[in-house]
Amino acid sequence: MAWDRLPVGSTDVPAQPAVLLDADGSLEDVVVAYHERTKHHFHRYAASLGYMDWATQPDPFRRYEGADLVRLLLPKPGRPLPYWQLYALGDVPSEPLSLQSISLFFRYALSVTAWKSLHEATWPLRANPSSGNLHPTEGYAVLPALERLGDAPAVYHYAPKEHALERRAILDAEAWNELCTPFPAGSFLVGLSSVHWREAWKYGERAFRYCQHDAGHALATLRIAAAALGWGLVLLDGITHSAIAGLLGLSRSDDYRTAERDEPELLALVIPGLASVSPRLLNGLTAGGIGAQWCGRANRLSPEHSVEWPVIDEVAQATQRSGSAPIIEDVSRFPTEAELFGIPVRHGLLTAEQAILGRRSAVAMDGSTAISQEAFFRMLARLVPTRDGRSVPWDAIPWRPRIHLGLFVHRVEGVPRGLYALARDPDKLAALKDVMRREFRWQRLPSCPPGLPLYLLQEGDCRALAATVSCGQDIAGDGAFSLGMIADYLDSLTMYGAAFYRNLFWEAGMVGQVLYLEAEEAGIRSTGIGCYFDDPVHAVFGIASRKWQSLYHFTVGGPVEDRRLTTLPAYDFDEER
Ligand SMILES: Cc1cc2nc3c(=O)[nH]c(=O)nc-3n(C[C@H](O)[C@H](O)[C@H](O)COP(=O)(O)O)c2cc1C
């Protein structure tokens, strides 16, 4: 794969202390030290092993030995829901909660979507993308008693290879009912965790960033899967790290022993139907506290670890949420759907299922395909929340956008080549103008919908520049456009604390996931780019202040298919279930 040929980092780095900070720094200081230390520079990559130690390659599939495996019915392919309806909240009839709908939810969110093979090698691809296809993200659900699933509420781990749920714990029914009282009937919880080792094995110290990107992509796939079923999904942002660990069984040392640990990331509430709820704090919640009987022992993913990266543990600890009031931010000054899109999109090429299950990263771009301005504007409009706070997937997170785009436009019909900015929070326009190059034009395009906060900064051919700052990857210059995601970084950490470092990456991953699906709908492809030179990207846009940091890159364009690869089905659909 193209990315596999990239330098994975280097051992040739100046000696750095094994820890990020001495004891007296704040948690935000730990985050900043980690972020600075894991930047890629033209002259050196962030520290990693520098080669692939194939003998210790981690197993991409976690299993809990001894836990009951409930196979999910394989949903019949061909569901006709149009892709655009995913974003038209209220249009999709709500599916009742059942084994079938849960199966479809996980199929669309986290399942295997194909196996690829080349010569002797075979590897799976999933609905959610992952840096290096290493898949650090694990999915969990806490579900009520359901026919053919189980006659008691329970905690489950999703096993993507089998498309099955592993029952990790049975919960006390009365306590579960009490817990769910504030939520509409049929609500359930879904959680994500990261196994850092899977990414660190290849990418060393920068791996924590990639785990967070991947969690963000998966949060978006969960939200979009819920939308396809007519369900709502909201992140429970006030819940503590230890409450998530307790509820999902991730703090049960005896169940892991020498196995690599799952780091809790997030918990979300899924609400069948569109009832709006204000999720109350679930901080008191641990499955221990609601009477759980646990079973299952986690598998070890690598026979041994030839190297450890202690700074990952440090930044993970510094960013654990220790309890805060849920975030409430106002979007009433954001554009309406009509202002953002011109004419709201109510037609399209694909079904939701084709876009979700067909999504793939381009491994190379053709250097020639141009896209229409309509497609370009529509893709960008999907990335901006609307004033009613109901646009998918942005309705899942309660904070206003902290991720803005610095775009490299190469091939969009009727749109001059050059550098552009998309201020995803229109109120941040002045701050972005202030922090970027003085000579930028900040010019609106006459054909751009009035509410789309897109600005031409500087005309010119930036294909080579885009590739150079993306670690020399041609895909950034050979597409229709590529971009750097510029985060409103230090102010966000000051406002919400060190734990919000993760949220910034999640938001960046969500932006990426929408671009993946939008590219499918436009008949092209896109690719996440985690390998980029941090400070040189800032220099392109004239950003000298540490307050703004590029957190992720993306490219969108006409793909070149690798015809050497064979595609095999994800599952044996004829299998008796
Ligand atoms: C956070 C993230 C970073 C990535 N970085 C790169 C990259 O720098 N270069 C690249 O060619 N692909 C990159 N990818 C694409 C992955 O290699 C791709 O998602 C993975 O191989 C799985 O393939 P799929 O997306 O087709 O399922 C990235 C993906 C993610 C989610």
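Reading guide: rules and limits
Residues numbered from 1 in each chain as written. Predicted model: local features only at pLDDT ≥ 70, side-chain atom pairs only at ≥ 80, totals over all residues. Heavy atoms only, no water. Helix = DSSP H or I, 4+ residues; strand = E, 2+ residues; numbered from the N terminus. Rg over C-alpha atoms; globule rule 2.2 N^0.38 Å. Buried < 20%, exposed > 50% of the residue type's maximum accessible area, 1.4 Å probe, protein only. Contact = heavy atoms within 4.5 Å. Areas by Shrake-Rupley, 256 points an atom, 1.4 Å probe, with all protein chains shown as cover. Lys, Arg positive; Asp, Glu negative; His and termini not counted. Charge placed at Lys NZ, Arg CZ, Asp CG, Glu CD. Axes fitted to C-alpha atoms, helices over the stretch in contact; angles between N-to-C directions. Parallel < 35°, antiparallel > 145°, perpendicular 65-115°, else oblique. Left-handed = near helix turned anticlockwise from the far one by under 90°. Nonpolar A, V, L, I, M, F, W, Y, C, P; charged D, E, K, R; others polar. Disulfide = S-S within 2.5 Å. Near = heavy atom within 4 Å. Polar contact = N/O pair within 3.5 Å; in protein donor to acceptor, adjacent residues only side chain to side chain. Phe/Tyr/Trp six-rings, centres within 6.5 Å; stacked < 30°, edge-to-face > 60°. Lys NZ or Arg CZ within 6 Å of the ring centre and 35° of its normal. 1 Å grid on protein atoms, 1.4 Å probe; cavity = no way out; pocket = protein on both sides within 12 Å on 5 of 7 lines; lining within 4 Å. Points joined across faces, edges and corners; volume = space filled by probe spheres on them. Core = buried A, V, L, I, M, F, W, Y, C linked by side-chain atoms within 4.5 Å. Pairing = 2+ DSSP bridges. Salt bridge = Lys/Arg side-chain N within 4 Å of Asp/Glu carboxyl O.

*Asks:* Tell me about the overall build of the protein, and please be specific about residues and values.
*Replies:* Helix and strand counts for the protein come out as 17 helices and 19 strands. For the protein, the C-alpha radius of gyration of 22 Å lies close to 25 Å, the compact-globule estimate for 577 residues. Taken over the C-alpha atoms alone, the protein extends approximately 65 × 55 × 50 Å along its principal axes. Residue burial in the protein is summarised as follows: out of 577 residues, 63% are buried. Taking as baseline every contact in the protein between residues at least 6 positions apart, the subset at least 24 positions apart corresponds to 82%. Here the protein has roughly 21,200 Å² of accessible surface; of this, 51% comes from carbon and sulfur atoms. Within the protein, one finds 55 positive and 68 negative side-chain charges whose respective centroids are separated by 3 Å.

*Asks:* So what's going on with the packing of helix H1 (residues 27-37) against helix H15 (residues 489-496)? Which residues, and what values?
*Replies:* Orientation of H1 relative to H15, taken along the N-to-C sense of each, is 155 degrees, at an axis distance of 11 Å. Looking at the two axes, H1 sits roughly antiparallel to H15. Pair H1 / H15 crosses with right-handed handedness. On H15, the residues that touch Glu-28, Val-31, Val-32 and His-35 of H1 are Tyr-489, Leu-490 and Leu-493. In terms of residue class, the contact of H1 with H15 is made up of 5 nonpolar, 1 polar and 1 charged.

*Asks:* Explain the state of the cysteines residue by residue, including any values.
*Replies:* Within this structure, the stated rule accounts for 1 disulfide. Put simply, Cys-471 and Cys-531 are joined by a disulfide, and their sulfur atoms are 2.3 Å apart. Across the S-S bond of Cys-471 and Cys-531 the torsion is about -90 degrees, and the bridge reads as left-handed. Here Cys-471, found in the loop between helix H13 (463-469) and helix H14 (475-478), pairs with Cys-531, found in the loop between strand E17 (525-529) and helix H17 (534-540); they are 60 residues apart in sequence, far enough to count as distant.

*Asks:* Describe the site of the ligand, listing the residues and the values that go with them.
*Replies:* With respect to spatial proximity, 23 residues lie near the ligand, and among them Arg-359, Ser-361, Gln-473, Gly-528 and Gly-530 are the closest. Here an oxygen atom of the ligand sits 3.3 Å away from a polar atom, N or O, in the main chain of Cys-531. Protein burial of the ligand: of its 620 Å² of free accessible surface, 96% is covered by the chains. At the level of elements, strand E4 (121-126), helix H5 (207-228) and E17 are the ones that each hand at least two residues to the shell around the ligand.

*Asks:* Run through the packing of aromatic side chains, naming residues and quoting values.
*Replies:* Taken as a whole and judged by the stated rule, the model has 25 aromatic pairs. The interplanar angle of 45 degrees and the centroid separation of 5.9 Å between the aromatic rings of Phe-105 and Trp-231 together place this pair among those described as tilted. Here Phe-105, found in helix H2 (residues 99-110), pairs with Trp-231, found in strand E9 (residues 231-235); they are 126 residues apart in sequence, far enough to count as distant. By way of ring pairs, the aromatic residues Tyr-34, Phe-208, Tyr-489, Tyr-501 and Phe-505 are connected into one cluster. Just above the ring of Trp-394 sits the side chain of Arg-424; from NZ or CZ to the centre is 4.6 Å.

*Asks:* Give me empty space enclosed by the protein: which residues, what numbers.
*Replies:* In the structure shown here, the tally under the stated rule is 5 cavities of 30 Å³ or more. A volume near 100 Å³ is recorded for the largest cavity. Among the secondary structure elements, those contributing two or more residues to the lining of the largest cavity are helix H6 (241-248), strand E10 (263-272) and helix H16 (500-521). Looking at the lining of the largest cavity, its residues break down into 8 nonpolar, 4 polar and 4 charged. Considered as a void within the structure, the second largest cavity measures approximately 60 Å³ in volume. Every residue lining the second largest cavity is counted, 10 residues in all, and those nearest its centre are Leu-89, Gly-90, Val-92, Ala-227 and Gly-230. Tallied by class, the residues present in the lining of the second largest cavity amount to 7 nonpolar, 3 polar and no charged.

*Asks:* Please give an account of the environment of Leu-233 that cites residues and values.
*Replies:* Mapped onto the fold, Leu-233 is located in strand E9. Taking the C-alpha atoms as reference points, Leu-233 and Asp-388, separated by 155 residues in sequence, lie 16 Å from one another.

*Asks:* How would you explain the nonpolar core if you had to name every residue and give the values?
*Replies:* One finds Phe-105 and Leu-454 to be the most contacted residues of the largest nonpolar core, which totals 137 residues. Contacts of Leu-454, omitting those with residues within four sequence positions, involve Phe-376, Phe-377, Leu-380, Leu-407, Tyr-420, Ala-421, Leu-422, Gln-443, Arg-444, Leu-445 and Cys-448. Counting 30 residues, the second-largest nonpolar core is a separate cluster that includes Val-142, Val-234, Leu-267 and Leu-269.

*Asks:* Please set out the packing of H1 against helix H8 (residues 310-318) residue by residue, giving values where relevant.
*Replies:* Axis separation between H1 and H8 bottoms out at 9 Å; the angle between their running directions is 140 degrees. On the basis of their axis angle, the class for H1 and H8 is oblique. Helix-helix and strand crossings are classified by hand; for H1 and H8 the assignment is left-handed. Residues Leu-27, Val-30, Val-31, Tyr-34 and Arg-37 of H1 form the contact with H8, whose participating residues are Val-311, Glu-314, Val-315 and Ala-318. In the contact of H1 with H8, the residues fall into 7 nonpolar, no polar and 2 charged.

*Asks:* Report on the sheet that holds strand E14 (residues 418-422), specifying residues and quantitative values.
*Replies:* Ordered in space as E15-E14-E13-E16-E18-E17, the 6 strands form an open sheet in which the pairing is antiparallel. Among the strands making up the open sheet, the edge pair consists of strand E15 (454-459) and E17. Going across the sheet, the axis of each strand differs from the next one's by a mean of 25 degrees, ignoring polarity. Relative to E14, strand E13 (residues 403-409) runs antiparallel, the two being bridged by 5 bridges.

*Asks:* So, the pattern of salt bridges: which residues are in play, and what are the values?
*Replies:* Counted according to the given criterion, the structure contains 36 salt bridges. One salt bridge in this structure joins Arg-502 and Glu-265, with 2.9 Å as the shortest N-O distance. Residue Arg-502 is located in helix H16, and its partner Glu-265 is located in strand E10; the two are separated by 237 residues in the primary sequence. Glu-265 sits in the buried class, given a relative accessible area of 5%. Counted as one network, the salt bridges with shared partners bring together Glu-36, Lys-39, Asp-535 and Arg-546.

*Asks:* Run through helix H11 (residues 373-381), naming residues and quoting values.
*Replies:* The buried count for H11 comes to 8 of 9 residues, which makes it a mostly enclosed element. Among the residues making up H11, those that are buried are Gln-373, Ala-375, Phe-376, Phe-377, Arg-378, Met-379, Leu-380 and Ala-381.

*Asks:* Can you lay out unusual backbone geometry for me, pointing to particular residues and giving the numbers?
*Replies:* Cis geometry is found at the peptide bond from Val-392 to Pro-393, where omega equals 0 degrees. Mapped onto the elements, Pro-393 comes out in the loop between H11 and E13. Positive phi is not limited to glycine here, since His-119 has a value of about 50 degrees. One can find His-119 in the loop between strand E3 (112-118) and E4. Unlike most non-glycine residues, His-163 shows phi in positive territory, near 45 degrees. Among the structural elements, His-163 can be located in the loop between strand E6 (154-159) and strand E7 (164-171).

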